[in-house]
Amino acid sequence: MKKSLVSMLILFFIGLQSILAQSREVTGVVTSAEDGLSIPGVSVIVKGTTIGTSTDFDGKYSINVPDGENVLVFSFVGMTTQELTVTGSTLNVAMENESIGVEEVMIVAYGTAKKSSFTGSAAQVKADELASKPVVSVTQAMAGMASGVEVSSGSGQPGSASSIRIRGIGSINSSNEPLYVVDGVALTNDNISLGSSSSLGALSSLNPNDIESMTILKDAAAAALYGSRAANGVVLITTKRGKAGKTQFTVKSEMGFSDFAVKTLELASPKEAFDYKVLGYKNYLVEYKGMSEDAAQAAAVSDIGGYFSQYDPNRPDSDYDWDDALFRTGTTKNVEFSAAGGNEKTKFFASLSYLETEGVAVGSDFNRASGRLNLDHKANDLIEFGFSTSLSRMKQNVIPTNGYYYVNPMYATRTYLNQLTPIKKADGSYAEVEGGKKPNLVKEEGLNVNRNDIWTLANQGYLKLNLMKGLTFKSTNSMDFTQMYGSKYWSPKSQDGESFNGYAYEMNKRRLKLSTSNIVNYTTTIDEIHNIDLLVGYEAEKLQDKMMYAEGKNFPNDVKQSLDVAAKPTGAYFNADGDRMQSILSRFNYNYDNKYYASFSYRTDASSRLGSNNRWGHFYSVSGSWRISSEPFMDDITFVNDWKLRASYGANGTLPSSWTGAYGLYSFGQDYNGVPGATYSQIANPDLQWEKNNTFSVATEARLFEFLNVEIEYYNRKTSDLLLQVPVTRTSGFGYYWDNVGEMTNKGIEVSITSTNIQNDDFSWTTRLNLAHNKNTIDKLEGGDNVDTFPYILREGESFNSIYMRDWAGVNPANGHGQWYVLENEKRVDNDNDGKWDITEDTRYADKKIVGDGSPDLTGSINNSLSYKNFDLSFLFTFKIGGDAYIDPYYSVFDDGTSLNKAVTKAQLKDYWTPANTNAKLPKVVYSSPQNSSFNSSRRLEDASYLRLKSINLGYSLPTELVSKVGLTNVRFYASATNLWTLSKIEDFDPETTSRGTVLNSFDFPPVKTVTFGLQVKF
């Protein structure tokens, strides 16, 4: 009885204690707001207590919340911490990725950094921004994503890459492309295609949807750790990795349609072309043969009709429509599959993709099949390791477009395939082309072949040792292998191959690159306010190329379009070359109380491309920043959420493009009546070294009113020791040698503004504005001499993009002749003092001057991202204000009627001189005019300003509660487009020209506008 009483008392006090300390159980699931997948390892803590737990493998948690406490704190690395009020027994949470702001973690050189602590200039592009653009190449997706980064459209040739310029032109003869680094390994991104009209780099093999993020490093502080290759900026590309949790599968399918983004030189109708040629011939007979107007008109109609005997005005215009026969609506098909997942120890990402593109020009196409596997494993607290492997195959059929190739349909249809020549004769046979022996391209369709077939294999492995708290060692080793095969075939039935009775060449090139990077990193905090990050490392790489080439002619037929059928071999060639580099690097970051930041970096590189006396180069940066908003005097300024000043100065470099430019070389072959021998072919320069870039920049960054991010930066980029070809006396037997002799400066201002206009549960709207201005000046050239490289001139004190040619004075209203200004010392003159500039109609007296500059005054972009419930919309405008474009093809097209055989465009009909139109823009139309009004002059310049709807994407995701019933996470339908609309003063060519402000590739295909429809399913 006594024991029972004691037991009852004990139970009573236990129950009383439970009542006094009553708690309730709360359960739930934590998922990612981005993809709906569960997140294991999320910390769940009762706010203000030490009571906590974490989510399990399925993202589930259970926690006892004491009475009086009702707020749970959810936190996870890389995601925004959330504090939520408990209102019941269940609380499910969707965690957001860290928003763009000062605490955002960025990928930077050899590691990561918070935006708030980073002292350099960098811009980040994330996976969702890349995925919304239907592009073939990664470089195309960079357009408009960052201030100071100019992306010029690549050719409309399927698979062609874009050109990237960061903060202007820093080199004259070496590359101006940035360095690309994928998952910590630097790429050799030169052209790996073997055709002259194709541009495929190593990045062409990379599926844009495999990319997690890209960081563009723009100043010396950001890029100096890459030393000798970083003068033009660095683009860091990070591919997707797996995350702990359930495996997520993604399937994506797209179908797109393409056309040229601009209507290049729209053609006149056959009747308009006939009348134009009659007018030109009539004016010729009147002006140079002394005939009357009526007699000349009658003779012109008769002679032109007789010359174009195949032209029949009663036949439909479609019989003369070469454009319709040689161009088509391009198509794009893309299918992708990926899987990502893992657990706390092992994570993986795997993908497969297939892309197939038919070009707008008949006979051009590109396809790419690629696969990737990224694997990461944490063996224990000491050892982590992983590897990545990717394999791709690219096949490309190319139409030659560089220069003025007869087989280029863009050139052909705007010149010799005129509208008065039918595609076929009335009897159904193919027509012969007037004006000399030129091919009927419809007849020759499929006879000739220009093909690239490229395999790329990239393997990378890393080992990371966590040696002690804050001290790590990471070794990354890679092997990149590229096998390039190019072939050309000219059928004996084609005009190109007729004189050879068929011709073929085949070229094989193998590239192997090995690299190793070994980095020791130490981080520590002293007294909770001194934060130190120290990095030292050693790197080395080896690049080897081997190429074999053979050609032959005399083919019996077209049964087999390959070299082994050729009856007569005509040549063979073999070359093996290599490139080596080794580097030592270091960096020291210091931050005092998250308020004052300083960073120092130093790297030394040795390259086999340099002369023996200057093999090692030394590169460094010093940078710092002050987080003003952390100062006590800012406490009462509530609208300033964050404010930072930063500045940097540093040196980096550019390697010579030539692997052997510093060496004395011999060439071997047959000399003197077929006797084999060797000749000295290049002068050595043992003092040849890197081009040096010294860059100073100062910037301010601020977040205002909780929704506005503003960044303004000024930079001064000085290039010295420019790599130039220095002329030598011809009596030496050589033309030039390589030396470091020039200097150049780029100065500019960049502005970036991001505004979160609206943000609530149903609707969000974000706008980003990028602006940039860059001024380029050549400071020094060899001997101070000008270098005339038509249509440009390199001159001290002037822009690299200075356009140099005759100064067009317009049309003489009295007679319709073209006129040019008379120049003395490149200045207009008024020798007779009549208040008017002296002009001439004779090109012999028309000297040259700098008539324009291809550099724009301002470049920029406006990007908007909106979402409403299950709908999402984003659209990007890019623009350029100012700058001149020299349109080289105008010389061939705007001949003012001089040529009888050329096609006639709509532009030629718009405003030419007649007695009734004396204030015309174009001269009088005269066949075989000796006046040469079509000569290259400032007449060919256009204002290169434009506004372009670069990309637009509209999507709809099915409701989660609907798709979850069938086991899916997300189902999204979308439509997207690129280069959809363009506003420009240039009517006949694409305004998004190269960074030198000219259409360099003559009648190259303009970029395409593509409309794509797609479906993405996640489960």
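Parameters and conventions
- Residues numbered from 1 in each chain as written.
- Predicted model: local features only at pLDDT ≥ 70, side-chain atom pairs only at ≥ 80, totals over all residues.
- Heavy atoms only, no water.
- Helix = DSSP H or I, 4+ residues; strand = E, 2+ residues; numbered from the N terminus.
- Rg over C-alpha atoms; globule rule 2.2 N^0.38 Å.
- Buried < 20%, exposed > 50% of the residue type's maximum accessible area, 1.4 Å probe, protein only.
- Contact = heavy atoms within 4.5 Å.
- Areas by Shrake-Rupley, 256 points an atom, 1.4 Å probe, with all protein chains shown as cover.
- Lys, Arg positive; Asp, Glu negative; His and termini not counted.
- Charge placed at Lys NZ, Arg CZ, Asp CG, Glu CD.
- Pairing = 2+ DSSP bridges.
- Axes fitted to C-alpha atoms, helices over the stretch in contact; angles between N-to-C directions.
- Patch = residues over 30% accessible without salt bridge, like charges linked within 9 Å, V, L, I, M, F, W, Y side chains within 5 Å.
- Salt bridge = Lys/Arg side-chain N within 4 Å of Asp/Glu carboxyl O.
- Phe/Tyr/Trp six-rings, centres within 6.5 Å; stacked < 30°, edge-to-face > 60°.
- Lys NZ or Arg CZ within 6 Å of the ring centre and 35° of its normal.
- Expected span 1.5 Å × (residues − 1).
- Core = buried A, V, L, I, M, F, W, Y, C linked by side-chain atoms within 4.5 Å.
- Parallel < 35°, antiparallel > 145°, perpendicular 65-115°, else oblique.
- Left-handed = near helix turned anticlockwise from the far one by under 90°.
- Nonpolar A, V, L, I, M, F, W, Y, C, P; charged D, E, K, R; others polar.
- Arc of directions from axis to C-beta.
- pLDDT = per-residue confidence, 0-100.

**Points about the overall build of the protein**
Argument step 1. When helices and strands are counted, the protein shows 10 helices and 52 strands.
Argument step 2. Taken against the 2.2 N^0.38 rule, which gives 31 Å for 1019 residues, the C-alpha radius of gyration of the protein at 34 Å falls within 12% of a compact globule.
Argument step 3. Along the three orthogonal principal directions, the C-alpha set of the protein runs to about 145 × 70 × 65 Å.
Argument step 4. The 1019 residues of the protein split such that 51% are buried.
Argument step 5. Within the protein, residue pairs in contact and separated by at least 24 positions form 68% of the contacts whose partners lie at least 6 positions apart.
Argument step 6. On the protein, roughly 45,400 Å² of surface is accessible, and the fraction owed to carbon and sulfur atoms is 55%.
Argument step 7. Taking the 97 positively charged and 116 negatively charged side chains of the protein as two groups, their mean positions are separated by 4 Å.

**A few points about the sheet that holds strand S7 (residues 93–95)**
Argument step 1. Read across the sheet, three strands follow the order S4-S1-S7 without closing on themselves; strand pairing throughout is mixed. Each edge of the open sheet is held by one strand with a lone partner, namely strand S4 (60–66) and S7. Ignoring which end each strand starts from, the neighbouring axes of this sheet average 35° apart.
Argument step 2. Two strands pair when backbone bridges link them, and strand S1 (residues 23–32) and S4 are joined in this way by seven bridges, in the antiparallel orientation.

**What about a nonpolar patch on the surface?**
Argument step 1. Where nonpolar side chains cluster on the molecular surface, the patch consists of Phe600, Tyr602, Tyr620, Val622, Tyr649, Phe696 and Val698 and spans about 590 Å² of accessible area.
Argument step 2. Contributing elements (two or more residues each) for the nonpolar patch: strand S27 (596–607), strand S28 (616–627) and strand S32 (691–704).
Argument step 3. Mapping valine 622 onto the fold places it in strand S28.
Argument step 4. Residue classification places valine 622 among the partly exposed positions, given a relative accessible area of 42%.

**Concerning the side chain of serine 720**
Argument step 1. Here serine 720 shows up in strand S33 (residues 708–727).
Argument step 2. Each residue touching serine 720, except ones within four places of it in the same chain, is listed here: Glu691, Lys692, Gly742 and Glu743.

**Some words on the pattern of salt bridges**
Argument step 1. Counting across every chain of the model gives 47 salt bridges.
Argument step 2. Close ionic contact of lysine 437 with glutamate 498 constitutes a salt bridge, the shortest N to O distance being 2.6 Å. Placement of lysine 437 in the loop between helix H7 (409–414) and strand S22 (449–468) and of glutamate 498 in helix H8 (residues 495–498) is noted, with a sequence separation of 61 residues between them.
Argument step 3. Among the salt bridges present, the one from lysine 718 reaches aspartate 779, with a minimum N-O distance of 2.8 Å.

**Describing the packing of aromatic side chains**
Argument step 1. In total, this model carries 39 aromatic pairs according to the counting rule given.
Argument step 2. When the ring of phenylalanine 274 is compared with that of tyrosine 311, the centres are 5.5 Å apart and the planes differ by 25°; the resulting orientation is stacked. One end of the pair, phenylalanine 274, is in helix H4 (residues 270–289); the other, tyrosine 311, is in the loop between helix H5 (293–307) and helix H6 (322–326), and 37 residues separate them in sequence.
Argument step 3. Chaining the aromatic ring pairs together yields one cluster made of Tyr406, Tyr411, Tyr416, Tyr890, Phe894, Phe989 and Phe1003.
Argument step 4. Stacked on the ring of tyrosine 430, the Lys or Arg lysine 424 has its end atom at 5.1 Å from the ring centre.
Argument step 5. Cation over ring: arginine 939 sits above tryptophan 808, and NZ or CZ is 5.2 Å from the ring centre.

**Concerning unusual backbone geometry**
Argument step 1. In this chain, phenylalanine 790 is followed by proline 791 through a cis amide linkage whose omega measures 5°.
Argument step 2. Non-glycine residue asparagine 932 carries a positive phi angle of around 60°.
Argument step 3. With respect to the element layout, asparagine 932 can be found in the loop between helix H9 (890–893) and strand S48 (941–943).
Argument step 4. Taking the relative accessible area as the measure of exposure, asparagine 932 reaches 30% and is therefore partly exposed.

**So, the sheet that holds strand S40 (residues 818–821)**
Argument step 1. Ordered in space as S39-S40-S43, the three strands form an open sheet in which the pairing is antiparallel. Taken across any chain shown, the strands that pair with only one partner, and hence form the sheet edges, are strand S39 (808–811) and strand S43 (839–840).

**Regarding H4**
Argument step 1. Between its first and last C-alpha, H4 extends 27 Å over 20 residues, near the 28 Å set by a 1.5 Å rise per residue.
Argument step 2. Looking one or two residues past H4, glycine 290 carries a phi angle of roughly 75°, positive in sign.

**Side note on the environment of serine 309**
Argument step 1. Tracing the backbone shows serine 309 in the loop between H5 and H6.
Argument step 2. Spatially, the C-alpha atoms of serine 309 and threonine 878 are 49 Å apart, while their sequence positions differ by 569 residues.

**Notes on the nonpolar core**
Argument step 1. Membership of the largest hydrophobic core comes to 29 residues, with the highest contact counts inside it found for Leu326, Phe327, Tyr416, Leu417 and Phe1005.
Argument step 2. Elements that contribute at least two residues to this core include exactly H6, H7, strand S47 (884–887) and H9.
Argument step 3. The element best represented in this core is H7, accounting for three residues.
Argument step 4. Ignoring anything within four residues of it in the chain, the contact list for leucine 326 reads Val360, Ala361, Val362, Pro409, Thr413, Leu417, Leu441 and Val442.

**A few points about the side chain of serine 205**
Argument step 1. As for its placement among the helices and strands, serine 205 is situated in the loop between strand S14 (185–186) and strand S15 (211–217).
Argument step 2. With a relative accessible area of 15%, serine 205 lands in the buried category.
Argument step 3. Apart from residues lying up to four places away in sequence, serine 205 is in contact with Arg368, Ser370, Ser392, Met394 and Thr456.

**Some points on the packing of H4 against H5**
Packed helices, taken two at a time, are described by their axes: the angle between them and the distance between them.
Argument step 1. At a minimum axis separation of 8 Å, H4 and H5 run at an interaxial angle of 130°. Compared by their axis directions, H4 and H5 come out oblique. With respect to the hand of their crossing, H4 and H5 are arranged in right-handed fashion. Of the residues in H5, those touching H4 at Phe274, Lys277, Val278, Tyr281, Lys282, Leu285 and Val286 are Glu293, Ala296, Gln297, Ala299, Ala300, Val301, Asp303, Ile304 and Gly305.
Argument step 2. Each residue belonging to the contact of H4 with H5 can be placed in one class, and the counts come to 10 nonpolar, two polar and four charged.

**Some details on the environment of methionine 145**
Argument step 1. Relative to the assigned elements, methionine 145 resides in the loop between helix H2 (127–131) and strand S11 (149–152).
Argument step 2. The sequence separation of methionine 145 and serine 861 amounts to 716 residues, and the corresponding C-alpha distance is 7.6 Å.
Argument step 3. Those residues in contact with methionine 145 that sit more than four places away from it in its chain are Val125, Glu129, Lys133, Arg768, Asn770, Asn863 and Leu876.

**Concerning the pairing of S1**
Argument step 1. Note that S1 and S7 share three bridges and pair parallel. Bridge pairing links serine 32 to methionine 95 in S7.

**A word on H5**
One turn of the α-helix equals 3.6 residues, which is why residues spaced by three or four share an orientation.
Argument step 1. The end-to-end C-alpha separation of H5 is 21 Å, in line with the 21 Å expected for 15 residues at 1.5 Å each.
Argument step 2. Of all the positions in H5, only Ala296, Ala300 and Ile304 are classed as buried. Taken end-on, H5 shows its buried residues confined to a sector of 50°, consistent with a single buried face. Residues of H5 that are exposed and point over 90 degrees away from its buried face: Asp294 and Ala298.

**With respect to the confidence of the model for the protein**
Argument step 1. Of all residues in the protein, 95% attain a pLDDT of 70 or more, and the chain-wide mean is 87.
Argument step 2. Under a pLDDT of 50 for its full length, residues 1–21 has, in the predicted model, zero contacts with residues more than four places off or in other chains.

**Quick look at the environment of valine 73**
Argument step 1. Among the structural elements, valine 73 can be located in strand S5 (residues 71–75).
Argument step 2. What makes valine 73 buried here is its relative accessible area of 17%.
Argument step 3. Sequence-wise, valine 73 and glycine 52 are 21 residues apart; in three dimensions their C-alpha atoms are separated by 9.2 Å.
Argument step 4. Not counting residues within four places of it along the chain, the set of residues in contact with valine 73 comprises Ser43, Val44, Ile45, Lys47, Thr81, Gln82 and Glu83.

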